[in-house]
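These are the residues of each chain, in order.
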Protein chains: 2
Amino acid sequence: MLKLSKKVEYGLIAVRHIASLNNQISTVKEISEKYAIPSDVLAKVMQRLTKGKLITSHQGAMGGYTLARRAEEISVMDVIAVIEGTQVGIAQCFAEEPQNCSIFHACTIKNPLGKIQHNLEHVFNSMKVSEIV
Amino acid sequence: MLKLSKKVEYGLIAVRHIASLNNQISTVKEISEKYAIPSDVLAKVMQRLTKGKLITSHQGAMGGYTLARRAEEISVMDVIAVIEGTQVGIAQCFAEEPQNCSIFHACTIKNPLGKIQHNLEHVFNSMKVSEIV
DNA sequence: TGAAATAGGACTACGCAAGTCGTATTTACA
DNA sequence: TGTAAATACGACTTGCGTAGTCCTATTTCA
């Protein structure tokens, strides 16, 4: 409950890793070994980060990944959004299709949870990869 | 990902309900019908809230539940902790047995996530049931 | 041309959330 | 004193999402 997914953790670690090496090209193999992350899983994460334009892929031998933006311009929220493909929502009300919640009409806690939701979004948006030293 | 469980939502709704009726005795049937919550599920939630001493049960006919403390003294965190029975942790590092994380030793994002964790805890601790109008 | 790298689909395993069911126990009140 | 209304609680089922594995295709450097 209320946990980040491993994919997001892996993504943050990877992006931070590249940033910490001054954007030097890095491979899945290198990162997965260094941090003991299953390489197949990390590979998919990197592909999503690429599609989300947070990093740039370099195919072929001697290839790998570099950041697509400066580390100061990549927020934790960016990484989450790109990897999960959905909005962060602590309840259905704040994700897509709020109406799907079985309780929607009678729910009395949407507003208070909304405050918490906003707070979370703010924290995730304001924390940048460059701060993850 | 990062979602509260339905049980916690139900618990918050129930506690708020009782508080909004000035701590008048309320039954599972009444609450489950009013908010369209499955009564069996709600019953278990109420039992946990009782064990956690947030509400008081009154068995037998004409029984039900009342708050065990003033609404100003019940935080959202209290409800979560009692219902889930575990610490809120956005990653394994912040739950029980941090060492179980497959990445623990090499993880580079414990500190930044810790900031987010603390922020979350603060928000949940400071929001009281009395504020959930 | 071969090796090193990304791209990406298909599949499995597992755990947890959510809900259901059945039964026991307590208590007010007719 | 019996019955109905209520809580107590364990066992079970189901479904879904997470995490991970496997396999193959494609790209590119040397």
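As the structure is a prediction and not an experimental result, all values here were calculated from the model.

(A) Quick look at the relation of the copies chain B and chain A. Rotating chain B by 180 degrees about the axis while translating it 0.0 Å along that axis superimposes it on chain A, leaving an RMSD of 0.0 Å. Such values leave the two copies arranged in the relation of a two-fold axis. Closest approach to the rotation axis among the C-alpha atoms of chain B is made by Leu2 of chain B, whose C-alpha sits 1.9 Å away. Most of the interface of chain B is mirrored in chain A: 100% of its interface residues are interface residues there too.

(B) Representation of helix 4 (residues 76-84) of chain B within the structure. Residue and element names in this part refer to chain B. Among the residues of helix 4, Val76, Met77, Val79, Ile80 and Ile83 are the ones counted as buried. One side of helix 4 carries all its buried residues, which in axial view fall inside an arc of 160 degrees. Residues of helix 4 that are buried in the fold lie against helix 1 (6-20), helix 3 (39-51) and helix 5 (110-126). After helix 4 finishes, the residue Gly85 shows a positive phi value of roughly 75 degrees.

(C) Region of interest: the side chain of Gln117 of chain A. Tracing the backbone through its elements, the reader meets Gln117 of chain A in helix 5 (residues 110-126). Contact partners of Gln117 of chain A, with chain neighbours within four places excluded, come to Val88, Gly89, Ile90 and Phe94 of chain A.

(D) Looking closely at the protein's contact with DNA strand D. The full set close to DNA strand D counts 26 residues, and Lys6 and Gln59 of chain A together with Ser57, Gln59 and Tyr65 of chain B are the nearest of them. Taking the atoms of DNA strand D that fall within 4 Å of the protein, sugar and phosphate contribute 69% of them. Take Val28 of chain B: an N or O atom from its main chain is 3.2 Å from a phosphate oxygen of DNA strand D. Elements with a contribution of two residues or more to the surface near DNA strand D: helix 1 (6-20) and helix 3 (39-51) of chain A together with helix 3, strand 1 (55-58) and strand 2 (64-67) of chain B.

(E) Expanded view of the nonpolar core. By size, the foremost hydrophobic cluster in this structure holds 92 residues, and its most contacted members are Met46, Leu49 and Phe124 of chain A together with Met46, Leu49 and Phe124 of chain B. Setting aside its immediate chain neighbours within four residues, Phe124 of chain A contacts Leu4, Ser75, Val76, Met77 and Ile80 of chain A together with Leu2 and Ile116 of chain B.

(F) Quick look at the environment of Val123 of chain B. Turning to its location among the elements, Val123 of chain B is positioned in helix 5. Looking at Val123 of chain B, the relative accessible area reads 12%, which means it is buried. Sequence separation between Val123 of chain B and Ser75 of chain B is 48 residues, and the spatial gap between their C-alpha atoms is 9.6 Å. If we skip the residues at most four places from it in the chain, Val123 of chain B touches Ile116 and Asn119 of chain A.

(G) Up close: the pairing of strand 2 (residues 64-67) of chain A. Residue and element names in this part refer to chain A. Here strand 2 shows no split at all, with Gly64 and Thr66 on one side and Tyr65 and Leu67 on the other all buried. Judged from the 4 bridges that link them, strand 1 (residues 55-58) and strand 2 form a sheet pairing that is antiparallel. Residue pairing for strand 2: Ile55 is matched across the bridge by Leu67. Counted along the chain from strand 1 to the antiparallel partner strand 2, the turn is 5 residues long, and its residue Gly60 has a positive phi close to 80 degrees.

Thresholds, definitions, all that
Residues numbered from 1 in each chain as written. Chains lettered and ligands numbered in written order. Predicted model: local features only at pLDDT ≥ 70, side-chain atom pairs only at ≥ 80, totals over all residues. Heavy atoms only, no water. Least-squares fit on C-alpha atoms with pLDDT ≥ 70 in both. Contact = heavy atoms within 4.5 Å. Buried < 20%, exposed > 50% of the residue type's maximum accessible area, 1.4 Å probe, protein only. Helix = DSSP H or I, 4+ residues; strand = E, 2+ residues; numbered from the N terminus. Arc of directions from axis to C-beta. Near = heavy atom within 4 Å. Polar contact = N/O pair within 3.5 Å; in protein donor to acceptor, adjacent residues only side chain to side chain. Core = buried A, V, L, I, M, F, W, Y, C linked by side-chain atoms within 4.5 Å. Pairing = 2+ DSSP bridges.

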